[in-house]
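Residue-level structural notes
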Amino acid sequence: MKFDPASNIQDLLQFGEYGDVNPSITDSATFTFMQANTMLETFHGEAEGCFLYSRHWNPSNKYLADAISAMEGTEAAWVTASGMGAISNAIMQLCNSGDHIVSSMTTYGGTYALLANYLPKFNIETSFVDISDIEAVENAIQPNTKIIYTESMTNPLLVISDIPKLAAMAHKRNIKLIVDNTFTPMIIAPSALGADITVYSLTKFINGKNDCVAGAICGSVDFIGSLIDVNNGTSMLLGPVLDPLRSSQILKNLHTLHIRMKQHSYNAMYLAQKLKKLDLKVIYPGLEEHPDHELMSRMMNPDFGYGGMLAIDMKTTEKANELMEKMELAGVGYLAVSLGYFKTLFSCSGKSTSSEVPDELQKKMGMSEGLVRFSVGLDNDIERTYQKIKQCIAEMK
Ligand SMILES: *Cc1c(COP(=O)(O)O)cnc(C)c1O
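Rules and cut-offs
- Residues numbered from 1 in each chain as written.
- Predicted model: local features only at pLDDT ≥ 70, side-chain atom pairs only at ≥ 80, totals over all residues.
- Heavy atoms only, no water.
- Salt bridge = Lys/Arg side-chain N within 4 Å of Asp/Glu carboxyl O.
- Helix = DSSP H or I, 4+ residues; strand = E, 2+ residues; numbered from the N terminus.
- Buried < 20%, exposed > 50% of the residue type's maximum accessible area, 1.4 Å probe, protein only.
- Polar contact = N/O pair within 3.5 Å; in protein donor to acceptor, adjacent residues only side chain to side chain.
- Near = heavy atom within 4 Å.
- Areas by Shrake-Rupley, 256 points an atom, 1.4 Å probe, with all protein chains shown as cover.
- Nonpolar A, V, L, I, M, F, W, Y, C, P; charged D, E, K, R; others polar.
- Disulfide = S-S within 2.5 Å.
- Expected span 1.5 Å × (residues − 1).
- Contact = heavy atoms within 4.5 Å.
- Pairing = 2+ DSSP bridges.
- Axes fitted to C-alpha atoms, helices over the stretch in contact; angles between N-to-C directions.
- Domains from an automatic or database assignment.
- Buried area = accessible area lost by both parts, 1.4 Å probe.
- Right-handed = clockwise from strand over helix to strand, strands pointing away.

**Observations concerning the pattern of salt bridges**
- For the coordinates displayed, the defined rule picks out 7 salt bridges.
- With a closest N to O distance of 2.4 Å, arginine 173 and glutamate 138 form a salt bridge. Here the residue arginine 173 occupies a position in the loop between helix H7 (163-172) and strand E7 (176-180), and glutamate 138 occupies one in helix H6 (residues 134-140), the gap between them amounting to 35 residues.
- Residue classification places arginine 173 among the partly exposed positions, given a relative accessible area of 32%.

Here's what the structure looks like:
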């Protein structure tokens, strides 16, 4: 069966009680019942279609969660107030004190900090490995390992995880595979490739407007149900629920994601090919010389390209900073962290989004201090943007 995330979203019949084509926003924290018994049943998770309290479920959040699980092809999803809310809750739901995690050493900086600095206080330890080295992953597994954690495309070096291989290894040992798919929605479907749980920062490509932070957890009905169990569910008890006003905005933006992903990918590929000709070291998985080009080609949905992220190596932080300042003045985009915005964003990874990762580890994972990461925008005329970047590079000392 072809993985067809855009059609899966399009096929949803979601409309409001007055036929409103955008489902109405449920602006309520609590919900009333005409029969006291129904309230009791809802509390026990037994009353179909009934809502109890918005920290648990809210109709607006349900519409967005249903649309995201349709996109992913998972049984269920739950939406959180941030990507970190999704990641921390998925992990904490699966791990008890004394458990162990094997994680890619290249992950989002906040995820690295959660695993390396925060979870040890609950006696949950993480081994960080080169996720491309399947043998190293296997060797890091311990009897108490509960999770293998990775990102489909890891930040900032755009390394691709071999999800089918990791899933097979995890499942042989009753370990869960969690994949953060923030960089590659629609392009890669981790759950279809064997991941047990897919997590998202909706803040990035999925919302695409840089006006809020949000996240999502996708998985089985059982797992999502366990997260919001009133007695011991991590999300129900820690409470990182998304605001329904935001849910309704993000749902509308989700419906244009397929068009945006194509344009992000087209523009990033264009820039990668052109910048390469300027004798720059360009990291982009769409280029044949990228070490994971073949792996990504095998796993991806070709309709949506190789994604909007690319990096160039300016060798030193000084050179990276000089280029970024010039590009901002020239109108290429903004010097800012984050990604998936309609305008191009760029930042020097070592000193920004990966600054939580110690210098030593940055070296080990092959990260240059002059690495400039681009989230390529939706520019209609990307040749014009390329000319601006080229001019900035030519003007450098
Ligand atoms: C931004 C990001 C996160 C964290 O998401 P927030 O919405 O900022 O909490 C997690 N993973 C990846 C890959 C990200 O880019």
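**Concerning the environment of asparagine 155**
- In this structure, asparagine 155 sits in the loop between strand E5 (153-154) and strand E6 (159-160).
- Taking the C-alpha atoms as reference points, asparagine 155 and serine 349, separated by 194 residues in sequence, lie 8.7 Å from one another.
- Here arginine 373 takes part through its side chain, which lies 2.5 Å from a polar atom of the side chain of asparagine 155.

**Re the site of the ligand**
- Around the ligand lies a shell of 14 residues, among which Gly83, Met84, Asp180, Thr203 and Lys204 are the nearest.
- A distance of 2.7 Å separates a nitrogen atom of the ligand from a polar atom in the side chain of aspartate 180.
- Threonine 203 places a polar side-chain atom, nitrogen or oxygen, 2.7 Å from an oxygen atom of the ligand.
- Expressed as a share of its isolated accessible area of 380 Å², the protein-covered part of the ligand is 93%.
- No other element matches helix H4 (residues 83-94), which puts 3 residues into the shell around the ligand.
- Its residues placed into classes, the shell around the ligand shows 6 nonpolar, 5 polar and 3 charged.

**What about the side chain of histidine 100?**
- Tracing the sequence through the fold places histidine 100 in strand E2 (residues 100-104).
- In terms of polar contacts, histidine 100 uses its side chain to reach the side chain of serine 127, at 2.7 Å.

**Digging into the state of the cysteines**
- Applying the stated criterion to the full structure yields 0 disulfides.
- Free cysteine: cysteine 348, not disulfide-bonded; nearest cysteine sulfur from cysteine 392 at 16 Å.
- When its relative accessible area of 5% is taken as the criterion, cysteine 348 is described as buried.
- What makes cysteine 392 buried here is its relative accessible area of 3%.

**Points about helix H15 (residues 382-394)**
- For H15, built from 13 residues, the straight-helix expectation of 18 Å at 1.5 Å per residue is met to within 8% by its first-to-last C-alpha distance of 18 Å.
- Those residues of H15 that are buried lie in contact with helix H11 (257-276), helix H13 (317-330) and strand E14 (371-375).
- Residue aspartate 381 occupies the N-cap position of H15, its side-chain oxygen lying 3.3 Å from the main-chain nitrogen of glutamate 383.

**Comments concerning the sheet that holds E2**
- Taken in spatial order, the 7 strands of this open sheet run E1-E9-E8-E7-E4-E2-E3, and their pairing is mixed. Edge strands, defined here as strands with exactly one partner in the open sheet, are strand E1 (76-80) and strand E3 (125-129). Within the sheet, the average angular offset between the axes of one strand and its neighbour, ignoring direction, is 20°.
- As defined by bridge partners, E2 adjoins E3 across 5 bridges and the pair is classed as parallel. Residue serine 104 lies in a different strand from E3, and its bridge partner there is valine 129.
- Relative to E3, helix H5 (residues 109-118) is tilted by about 130°, and along the sheet it contacts E2, E3 and strand E4 (145-151).

**Describing the side chain of aspartate 180**
- Structurally, aspartate 180 is set in strand E7.
- When sequence neighbours within four positions are dropped, the list of residues in contact with aspartate 180 reads Ile87, Tyr149, Thr150, Glu151, Ser152 and Val199.

**Things to note about the domain arrangement of the protein chain**
- Structurally, the protein chain comprises domain 1 (5-254) and domain 2 (258-394).
- Its C-alpha centre places domain 1 at a distance of 27 Å from the equivalent point of domain 2.
- Taken residue by residue, the interface counts 36 residues in domain 1 and 43 residues in domain 2.
- By the criterion of area lost to domain 2, the three top residues of domain 1 are Leu157, Ile187 and Phe205, representing 23% of everything that side buries.
- There are 7 residue pairs in polar contact (both at pLDDT 80 or more) connecting domain 1 and domain 2.
- Breaking the side of domain 1 that touches domain 2 down by element, the ones donating at least two residues are helix H1 (5-10), H5, E6, H7 and helix H10 (244-254).

**A look at the pairing of E2**
- Most of E2 is tucked away, with 5 of its 5 residues classed as buried.
- Neither face of E2 is open: one carries His100, Val102 and Ser104, the other Ile101 and Ser103, and all of them are buried.
- In this fold, E2 hands off to H5, which returns the chain to E3; that crossover is right-handed.
- Relative to E4, E2 is paired through 4 bridges, and the arrangement is parallel. Within E4, the position partnered with isoleucine 101 by the bridge is isoleucine 147.

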